[in-house]
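Each chain, letter by letter, is given below.
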Amino acid sequence: MKTLSSRNDSQSPLQVVVLVSGRGSNLQALVRSINSGVVNAVITGVISNNASAPALKFAKSAGIPTTVVERRKNPNFEQQLIDAVLTFNAELVVLAGFMAIVGANFIRTFENRVINIHPSLLPSFRGLDAQEQALEAGVKIAGCTVHVVVDEVDAGQILAQAAVPVLEDDTAETLAERILAEEHKLLPAVVHAISVGSIQLGKLQRESGAKKSQNLKHALTGESLQSIAFSNDVKK
Ligand code: GRF
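Residues numbered from 1 in each chain as written. Predicted model: local features only at pLDDT ≥ 70, side-chain atom pairs only at ≥ 80, totals over all residues. Heavy atoms only, no water.

Trainee: Which residues make up the environment of Asn-89, and what are the values?
Mentor: Residue placement: Asn-89 occurs in the loop between helix 3 (77-87) and strand 4 (92-95). Between the C-alpha atom of Asn-89 and that of Thr-44, which follows or precedes it by 45 residues, the distance is 7.4 Å. (Helix = DSSP H or I, 4+ residues; strand = E, 2+ residues; numbered from the N terminus.)

As structure tokens, this is what we get:
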């Protein structure tokens, strides 16, 4: 069985496969950052469990190969998902609004190669409707997290977070919108940091000690990233 290829060249674009279920605005943000040269990566494929996901339409229009793996009434969902990822020969698997839970076998196969973006400051508000959970809890600061995917929902190692204020008159929708704007910066920032070795996930280790300790806020340019906090020197 083919395995994910290992990084052995710190200059080459990181090969990324993105799993989506719906709108795909994070996918779009990632593609924008790649196309503008800010993120050193290439999206080798997009996989969805939802054939009518707008994200798939976007991927096709951007010339990215796509695959649909239906989950409903599909006893082989997990294996087919694994096979689809392997086909795209990716080094990193990004869950960006992927609404199906990936199984233990998937996680074992791609251990330390799968990351997810979640619209809360984990470990608070795991699971569905995170923004609504935040409002119900009455928190004054909300945000988003990129984390490593493990065999427990939204529980893996936190790689980076960005915070936003919760306003008096926020609804789940207005809060989600404010968080989403941060997600669109956070996810590309993390993918780039993994690509250049500033964040190291298992076999993705690829940089010298000096580079490792670089301040990740400087890994990308732009004031927009000021609000992002990375975990320090993440590695396994
Ligand atoms: C985002 O809020 C993401 O954090 C969550 O699902 C949403 C996906 O949005 N996991 P989009 O499909 O990327 O627009």
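What follows picks up the thread again.
Trainee: A description of helix 2 (residues 54-61) should follow, citing residues and the corresponding values.
Mentor: For helix 2, the full list of buried residues reads Ala-55, Leu-56, Phe-58 and Ala-59. Take helix 2 and look down its axis: the buried residues cluster within an arc of 160°, on one side only. Every exposed residue of helix 2 that faces more than 90 degrees away from the buried side is listed here: Lys-57, Lys-60 and Ser-61. Turning to helix 2, the residues buried within the fold contact strand 1 (14-20), helix 1 (25-35), strand 2 (41-48) and strand 3 (66-68). (Buried < 20%, exposed > 50% of the residue type's maximum accessible area, 1.4 Å probe, protein only. Arc of directions from axis to C-beta. Contact = heavy atoms within 4.5 Å.)

Trainee: Outline the site of the ligand, listing residues and values.
Mentor: The full set of residues close to the ligand is Arg-23, Gly-24, Ser-25, Asn-26, Gly-97, Ile-117, His-118, Pro-119, Leu-180 and Glu-183. At 2.7 Å, a side-chain N or O of Glu-183 approaches an oxygen atom of the ligand. Within the complex, 86% of the 360 Å² of free accessible area of the ligand lies under protein. Split into classes, the residues belonging to the shell around the ligand amount to three nonpolar, five polar and two charged. (Near = heavy atom within 4 Å. Polar contact = N/O pair within 3.5 Å; in protein donor to acceptor, adjacent residues only side chain to side chain. Areas by Shrake-Rupley, 256 points an atom, 1.4 Å probe, with all protein chains shown as cover. Nonpolar A, V, L, I, M, F, W, Y, C, P; charged D, E, K, R; others polar.)

Trainee: Tell me about the pairing of strand 4, and please be specific about residues and values.
Mentor: The two faces of strand 4 match: Leu-92 and Val-94 on one face and Val-93 and Leu-95 on the other face are all buried. Judged from the three bridges that link them, strand 4 and strand 5 (residues 114-118) form a sheet pairing that is parallel. Looking at strand 5, one finds that Val-94 is bridged to Ile-115. After leaving strand 4, the chain enters helix 4 (residues 104-109) and then returns to the sheet as strand 5, a path that is right-handed. (Pairing = 2+ DSSP bridges. Right-handed = clockwise from strand over helix to strand, strands pointing away.)

Trainee: An account of the packing of aromatic side chains is requested, with residue identities and associated values reported.
Mentor: Under the criterion given, the structure shown has one aromatic pair. Between the aromatic rings of Phe-106 and Phe-110, the centroid separation amounts to 4.9 Å while the plane-to-plane angle is 70°, which identifies the pairing as edge-to-face. (Phe/Tyr/Trp six-rings, centres within 6.5 Å; stacked < 30°, edge-to-face > 60°.)

Trainee: Got a sec to walk through the environment of Leu-180? Specific residues and values, please.
Mentor: Positionally, Leu-180 belongs in helix 6 (residues 172-195). Through-space distance from the C-alpha of Leu-180 to that of Asn-26 is 8.3 Å; in sequence the pair is 154 residues apart. With residues up to four places along the chain from it excluded, the contact list for Leu-180 reads Arg-23, Ser-25 and Asn-26.

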